[in-house]
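# Coordinate inspection notes
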Amino acid sequence: MKLKRLNLSQLPPQVRVPAYTVTATRQGIAHIGVGGFHRAHQAYYTDALMNLGQGLDWSICGVGLRSEDRRARDDLAGQDYLYTLYELGDGDGHEVRVIGAISQMLLAEDDAQALIDKLASPEIRIVSLTITEGGYCIDDSTGEFMLHLPQIQHDLAHPQQPRTVFGFLCAALALRRAAGIPAFTLMSCDNLPHNGAVTRKALLAFAARRDADLHDWIERHVSFPNAMVDRITPMTSTAHRLQLHDEHGIDDAWPVVCEPFVQWVLEDKFCNGRPAWEQVGVQFTDDVTPYEEMKIKLLNGSHLALTYLGFLKGYRFVHETMNDPLFVAYMRAYMDLDVTPQLAPVPGIDLAAYKDTLVQRFSNQAIADQLERVCSDGSSKFPKFTVPTINRLIADGRDTERAALVVAAWALYLKGVDENGLSYRVPDPRAEFCQALVADDTLLTQRLLAVEEIFGSAIPHSSAFVDAFERCFNSLREHGVSKTLERLLARPV
């Protein structure tokens, strides 16, 4: 059955469909960067609220700034912007649900002015973002916005023909300011520490160069809530689409596959209203910091600890690493000995239970989460997910061997050949630069660790860490992943 509004009543009874009339909703959110995570998370929560008969004026207008977004728009438009959320877990009773919270999607390359006008319209009260960790153009070594980037310079020189998220946001906010329309809340849903503060810093830095008065207006009127977001959402494969069709009779061009677990902790700092997401499980708080630290250092940090080692070993799915007792033991040691002592108490969270949950989630075979997805964009992920843990270990004079292995595994992974001799591509916008760093083994340590925008200043100046990195790298290269893990785990704690 082709997924369309007219066919909703004919879907099998186990498939949940919107309890609201999709065409009766009104847009209140514009979301830049419509992908799997947004559809499994923010749009999922918004749809859940609409199913309660609430929030019908918070429908989402998707926004695509890249040419690659055209296929997503076409797939969604071809099925009335409906899509299937397909939960996959190791048990029974998980949801298959048609989501109707997205009602439109605009592409920048089709009509930039139409997109600016949409973002400037009074109906849009929240603009949300999933533009990846690297999309905020912040130099991790200095914490400063990278004004020198060519695309940023283009938007500063051509404010009415923007190409970047910051150019579009400022063009829209300038129109709102001129027309006396209240500002929108700018809400990041990306997986980086203090994502609201990072968004604020980036936008204000851009605006200051574009128009000083606009900068001041944005600083006074736009709000930037921080958020902790969590749901493992693998890339949708052809196998997933066929599984959905065979099990539930749904022909969906772009379903979203996700785990049953979902969490969103959000600061209640909105300048122009918000949906009552607390009615459907979102936790609002005055300070999201302890939740961010927990999630980013434990979940994302553990993902990186597993992923490059797993890929080198020849595994291609996260659950395969969790079927290997050595990987589980290493992950637990990293979480328990290196990360947990650094965490402040998290209100309402039992950290021991949370770590047990991570082991279960990573072991989810049904979701078939790809290691390639977790491996991607390592040069942007390391400064946010792993380097802060290493810096704290160095500062506290603690053992850095387990954390050094994470970096060593990435270094060897960048060479593009696993220990079985199979070649693979490195999915990272800076792949060529990163691979050049590891091309010469004699200079590898010096070149790699000296990249300040990835590793900062403390790591290359820590002789203990450098020695641990070289031991781990040489062990991986000479003895392989399993022998290296056995050696590390046998060390006295």
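Residues numbered from 1 in each chain as written. Predicted model: local features only at pLDDT ≥ 70, side-chain atom pairs only at ≥ 80, totals over all residues. Heavy atoms only, no water.

What counts here: UniProt positions are given in the numbering used here, feature names are shortened, and annotations may be inferred rather than shown by experiment.
The protein chain is annotated in an unreviewed UniProt entry as Polyol:NADP oxidoreductase Por of Pseudomonas protegens. Here is the UniProt Sequence similarities (unreviewed entry) comment for the protein chain, exactly as written: "Belongs to the mannitol dehydrogenase family. UxuB subfamily."

## Overview of the side chain of Lys-295
What counts, and what does not: Each helix corresponds to a stretch of at least 4 residues labelled H or I by DSSP, and each strand to a stretch of at least 2 residues labelled E; elements are numbered beginning at the N terminus. Note on classification: 1.4 Å probe, protein chains only; a residue is buried when its accessible area is under 20% of the maximum for its type, exposed when over 50%, partly exposed between these limits. Two residue types count as positive, namely Lys and Arg, and two as negative, namely Asp and Glu; His and chain ends fall outside the count. When a carboxyl oxygen of Asp or Glu lies within 4 Å of a side-chain nitrogen of Lys or Arg, that pair is called a salt bridge. Side-chain atoms alone can form a polar contact between residues adjacent in sequence; in general such a contact is a pair of N or O atoms within 3.5 Å, and within protein one must be able to donate a hydrogen while the other accepts it. Only heavy atoms matter for contacts: two residues are in contact if any of them lie within 4.5 Å across the pair.
Mapped onto the secondary structure, Lys-295 falls in helix α10 (residues 289–313). The buried charged residue Lys-295 lacks any salt bridge partner; its closest oppositely charged side chain belongs to Asp-230, at an N-O distance of 4.4 Å. For Lys-295, the side chain forms a polar contact with the side chain of Asn-300, separated by 3.2 Å. Dropping the residues within four chain positions of it, Lys-295 is found in contact with Asn-191, Met-228, Val-229, Asp-230, Asn-300 and Tyr-354.

## As for the pattern of salt bridges
The tally for this structure, following the rule as stated, stands at 38 salt bridges. Ionic pairing is found between Arg-241 and Asp-251, a salt bridge with its closest N-O pair at 3.6 Å. Taken together, the residues Arg-241 in helix α9 (residues 238–248) and Asp-251 in the loop between α9 and β11 (256–258) connect sequence positions ten residues apart. Between Arg-373 and Asp-369 there is a salt bridge, with its nearest N and O atoms 2.8 Å apart. Judged by its relative accessible area of 23%, Arg-373 falls in the partly exposed class. Under the relative-accessibility criterion, Asp-369 is labelled buried at 3%. A single network of salt bridges, built from pairs that share partners, joins Arg-70, Arg-73, Asp-74, Glu-109 and Asp-110.

## Re the sheet that holds β11
Formally: Strand pairing follows a simple DSSP-based rule, namely that at least 2 bridges must link the two strands. Helix axes are fitted only over the stretch in contact, all axes being lines through C-alpha atoms; the angle between N-to-C directions runs from 0 to 180 degrees.
Read from one edge to the other, the open sheet built from three strands follows the order β4-β3-β11, with strand pairing classed as mixed. Each of the sheet's edge strands pairs with one partner strand only, and the pair in question is β4 (96–99) and β11. Ignoring which end each strand starts from, the neighbouring axes of this sheet average 25° apart.

## Points about the packing of helix α5 (residues 150–157) against helix α7 (residues 195–210)
Packed helix pairs are characterised by how far apart their axes lie and by the angle those axes make with each other. What counts is decided by this rule: Here the angle decides the label: under 35 degrees means roughly parallel, over 145 means roughly antiparallel, 65 to 115 means roughly perpendicular, and every other value means oblique. By convention the crossing between two helices is left-handed if the near helix lies anticlockwise of the far one by an angle smaller than a right angle, and right-handed if it lies clockwise. Gly counts as polar in this scheme, as do all residues outside two lists: the nonpolar Ala, Val, Leu, Ile, Met, Phe, Trp, Tyr, Cys and Pro, and the charged Asp, Glu, Lys and Arg.
Running from N to C, α5 and α7 cross one another at 45°; their axes reach a closest spacing of 9 Å. The angle between α5 and α7 places the two elements in the oblique class. In this structure, α5 crosses over α7, and the sense of that crossing is right-handed. Along the contact surface, α5 presents Ile-152, Asp-155 and Leu-156, while α7 presents Phe-206, Arg-209 and Arg-210. Considered class by class, the residues forming the contact of α5 with α7 number three nonpolar, no polar and three charged.

## Concerning the sheet that holds strand β9 (residues 185–188)
Strands sit in the order β5-β2-β1-β6-β9 across an open sheet of five strands; the sheet is parallel. Of all the strands in the sheet, just β5 (102–107) and β9 have a single pairing partner and so form its edges. In this sheet, neighbouring strand axes are inclined to one another by 25° on average, regardless of whether the strands run parallel or antiparallel. Pairing between strand β1 (residues 27–32) and strand β2 (residues 59–64): five bridges, direction parallel.

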